[in-house]
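Residues per chain are reported as follows:
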Amino acid sequence: MPRILPTELFALLSKHVGQDSAGMELRWLRAAARDPHHLQSLVSRRTSGEPLQYILGTQPFGPLELLTRRPVLIPRPETEHWTLRLAELIHPSSQDPISLLDLCTGSGCIPLLLCHLWPPGSVQAVGADISSDAIQLAVENAHRCGIHVSTFHSLLRATDSNGNTFTPLLADIRSLDFAQSSALRSPFHLITSNPPYITHEDYAKLSPSVKAYEDPRALLGDPQPTPYGKGLTFYHDIAKLAAREGFLARNGVVAVEVGIGQAEDVQRIFQEEGRLRETEIWRDPWEVQRVVIGRR
Amino acid sequence: MQQRKDVESQITDDTTPDDRQRFMKTLSETDALFTEWQEWQSTKELLDETHAMLRDPDSSMRAMAEEEYTTLNDKLSTALQTTFPKLLVPASDDTSKLSAYVELKAGVGGSEASLFVDDLMRMYLRLSQSMQWDATVVSASEIDGGGFRDAMLEVRGTNVYDSLRWETGVHRVQRVPATETKGRTHTSTVTVMVMPIPEDEASAESSNELYSLSDVRIEVMRSRGAGGQHVNKTESAVRLTHIPTGITVSMQDERSQHQNRRRAFRILQARLLDRKLTQDVIDRRDARRDLVKSADRSEKIRTYNYAQNRVTDHRLGLSVKNITAVMEGEALKDILDGLVKHHEASVLESVLAEA
């Protein structure tokens, strides 16, 4: 039951996140706090810039509640929105299972939500990330969501296991031998990714809540700093993977999240370098072009 | 009773089996009423006979008649006040299983109204506890300085909607605010709206009998700037607009859009069901030549006067001279019972006027 709080806490939070959000954030922090003293310490973490999701330790993502832990990228509402939409677009079944590769998987939010929403035995997912913190968290999240974690990826398992499986893969998706990794069993029917896409120029201007807490490897679109970089490095790599013989299945789909203003560039990269003839752009709920879909 | 006679006269040897079944159904539906009606008539006859004996020259005879008269009279009034209303008030919209959302909105009176939202919310939470209903706060917008701009409770249990539905309307509070230095009494209001929760809530996010999904506009609130990886602030508020009616539902209390959307759809569904039930009452009232007063949502239904320690329900014309007892829930139960009876009585009145 809500009770009136010391107005100082509310005022402190208001200054930091605005009055509209302060009321809500205070309610959520209060629900997480053990006692008034603890609440005060949670509020002070928040006002010093720590993201709410790290303080609370979880973030809802569709019907799932995922663990969030510094420095792994916090799942965003835009990603939740398009993943739910993708889940409606593709209809795998246990008779007709698909193989899914999620690049830069982070908390595992995209493949885990798809594994949760699609019927049991219909999807075998691999989630790759360069960060061991991310891979560790993705595995914990899979367990938390009741999704079977398998060390080796193989579509053959789909028929003999009752559930969907998630295979974590600690790897650099940009390295030349990534596609030959023994953990990958191509072809994939679906490749998803929310790769880092922020330009160095934008990164400098980000809120400290993002910059000081979340892994720059999950945010910076051009790992090697270039003054005029457009944050598109990973899209070139993803397009090259998709173009590899036998990597993306016939009629396979590639779905990637993009930053504001990048959709058309990524669309062109997909067409020119990814051998993806049919492409489409999806908008997020705020009307920003947010996702590029490519079909073989 | 006339309908029953009509039906009975229609049952003849050459009635088709289908018709017979239909007639029998009508008869069985009115069986209880028929029994009570016969009982009423024979009691009435007895009463008339007893009435004549009241003038009997023999004094012991007169005493007996008086006693008899009182008993019979009591029996008739019970029938009139309790038995007939139950039988005559149409049970067609069975709302007894429905749970409800209780929405509270601060009206006139500034921060006093916001504080009163808090007080009323606690009142309904305590009532729920003593009724063994399961009540949760689904949304509450706290304001700086205490109290709430608005709040929504979800109350689950049997008879919740039927018991609470007459709480809809304007609740007025008269008291001296803590901040008032000259000791003046302020008047503020809170608008309460009680909405039934449909039994098939699962269908809220798809087209259903109350609305088509294509008539619902879904919007996100507030700008997120670049959004995506650039921003990690929680931005989960959702607003639904039901285009044909203009009804809007905003929800921001959950931490994800998905959850807010789901809640908002459930509330939209409850709003539209409320609208439908209200319309049904109005239609029936119109059919009954305007005899039942409909609940006007902007009507002042109750006053909580702290200075006089008194709660007055304006529809019942009832004053409870113990404000704490109402706020703690116990005396509120009596008011709610009174309102249910009041409703039954007014429906009965119109049914009888029609007959």
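Here the structure is shown first, and the text comes after it.
Residue numbers run consecutively from 1 along every chain, following the written order of its sequence. As a convention, the first chain written is A and the first ligand written is 1, with the rest following in written order. Local features in this predicted model are restricted to residues of pLDDT 70 or higher, and side-chain atom pairs are both shown and tallied only at a pLDDT of 80 or more, whereas totals for entire chains, interfaces and linings draw on every residue. No hydrogens and no water enter the side-chain calculation; it runs on all heavy atoms of the structure.

Student: So what exactly am I meant to see when it comes to the overall build of chain B here?
Tutor: Helix and strand definitions here come from DSSP, where helices need a minimum of 4 consecutive H or I residues and strands a minimum of 2 consecutive E residues; each element is numbered from the N-terminal end. Of regular secondary structure, chain B possesses 9 helices and 11 strands. Burial status follows relative accessibility: with a 1.4 Å probe on protein chains alone, a residue under 20% of its type maximum counts as buried, one over 50% as exposed, and anything between as partly exposed. A burial count over chain B gives 42% of its 355 residues as buried. Working rule for contacts: check all heavy atoms of both residues, and any pair within 4.5 Å makes them a contact. For chain B, contacts bridging at least 24 residues in sequence account for 61% of all contacts bridging at least 6. Here, Shrake-Rupley sampling with a 1.4 Å probe gives the accessible areas, and only protein chains in the shown set may cover a residue. When the accessible surface of chain B is summed, it comes to about 18,600 Å², and 49% of that surface belongs to carbon and sulfur atoms.

Student: Explain the environment of glutamate 68 of chain B here, please?
Tutor: Residue and element names in this part refer to chain B. When you line up the elements, glutamate 68 lands in helix H4 (residues 59-88). By relative accessible area, which is 38% here, glutamate 68 ends up partly exposed. Taking the C-alpha atoms as reference points, glutamate 68 and leucine 46, 22 residues apart in sequence, are found 9.2 Å from one another.

Student: What am I meant to see in the sheet that holds strand E11 (residues 318-320) of chain B here?
Tutor: Adjacent strands of a sheet form backbone hydrogen bonds with each other and so pair up, either parallel or antiparallel. Residue and element names in this part refer to chain B. Taken in spatial order, the 8 strands of this open sheet run E2-E3-E1-E5-E4-E9-E10-E11, and their pairing is mixed. A single partner strand is all that each edge strand has here, and the edge strands are strand E2 (134-142) and E11. Strand-to-strand twist in this sheet, taken as the mean axis angle between neighbours without regard to direction, amounts to 20°. With 5 bridges connecting them, strand E4 (residues 169-175) and strand E9 (residues 300-305) associate as parallel partners. By the bridge assignment, glutamine 174 is partnered in E9 with asparagine 305. The pairing criterion is simple: DSSP has to find at least two bridges between the two strands. Angles run from 0 to 180 degrees between N-to-C directions of axes, and those axes are lines fitted to C-alpha atoms, restricted for helices to the stretch in contact.

Student: Just checking my understanding: could you explain the packing of helix H1 (residues 7-17) of chain A against helix H2 (residues 19-32) of chain A for this structure?
Tutor: How two helices sit against one another is set out by the angle between their axes and by the gap between those axes. Residue and element names in this part refer to chain A. The contact between H1 and H2 brings their axes to 8 Å, and the two run at 125°. Looking at the two axes, H1 sits oblique to H2. Crossing of H1 over H2 shows right-handed handedness. Across the interface between the two elements, Leu9, Phe10, Leu13, Ser14 and Val17 of H1 pack against Gln19, Ser21, Ala22, Gly23, Glu25, Leu26 and Leu29 of H2. Classifying every residue of the contact of H1 with H2 by side-chain character gives 7 nonpolar, 4 polar and 1 charged. Oblique is the label for every angle not falling under 35 degrees (roughly parallel), over 145 degrees (roughly antiparallel), or within 65 to 115 degrees (roughly perpendicular). Helix crossings are classified by the rotation of the near helix relative to the far one: an anticlockwise turn of less than a right angle makes the crossing left-handed, while a clockwise turn makes it right-handed. Residue polarity is assigned by list, with Asp, Glu, Lys and Arg as charged and Ala, Val, Leu, Ile, Met, Phe, Trp, Tyr, Cys and Pro as nonpolar; anything else, Gly included, falls into the polar class.

Student: Just checking my understanding: could you explain unusual backbone geometry for this structure?
Tutor: Across residues other than glycine, the phi torsion is negative in most instances, and most of the peptide bonds are trans. Looking along the chain, the bond that leaves arginine 70 of chain A and enters proline 71 of chain A is cis, with omega of 5°. Checked against the element boundaries, proline 71 of chain A lands in the loop between strand E2 (64-67) and helix H5 (77-89). In this model, serine 186 of chain A is joined to proline 187 of chain A through a cis peptide bond whose omega is 5°. Structurally, proline 187 of chain A can be placed in the loop between strand E6 (165-170) and strand E7 (188-193). Non-glycine residue asparagine 159 of chain B carries a positive phi angle of around 65°. As for its position among the elements, asparagine 159 of chain B is in the loop between strand E3 (148-156) and helix H6 (160-164).

Student: Even after reading the chapter, I still don't get the interface of chain B and chain A, so can you show me in this structure?
Tutor: Size of an interface: often given as the accessible area lost when the parts come together. Counting from both sides, the interface comprises 39 residues of chain B and, opposite them, 49 residues of chain A. Of the roughly 3,600 Å² buried at the junction of chain B and chain A (both faces included), carbon and sulfur atoms supply 52%. By salt bridge we mean one thing: a side-chain nitrogen of Lys or Arg within 4 Å of a carboxyl oxygen of Asp or Glu. Taken together, chain B and chain A are joined by 3 salt bridges. Between arginine 30 of chain A and glutamate 142 of chain B there is a salt bridge; the shortest N-O distance is 3.2 Å. Any pair of N or O atoms that falls within 3.5 Å is considered a polar contact. Within protein, one atom must be able to donate a hydrogen and the other to accept it, and sequence-neighbouring residues count only if both atoms are side-chain atoms. Linking chain B with chain A are 20 residue pairs in polar contact (both at pLDDT 80 or more), by the criterion used here. Listing elements by their share of the side of chain B that touches chain A, those giving two or more residues are helix H5 (111-131), E2 and helix H7 (257-287) of chain B. In terms of residue count, E2 of chain B provides more of the side of chain B that touches chain A than any other element does, 5 residues in total. Of the residues belonging to the side of chain B that touches chain A, the class tally is 10 nonpolar, 18 polar and 11 charged. The quantity reported as buried area is the accessible area (1.4 Å probe) lost by two parts once they are put together, taken as the sum for both.

Geometric descriptors of this kind do not, in isolation, establish any biological role.
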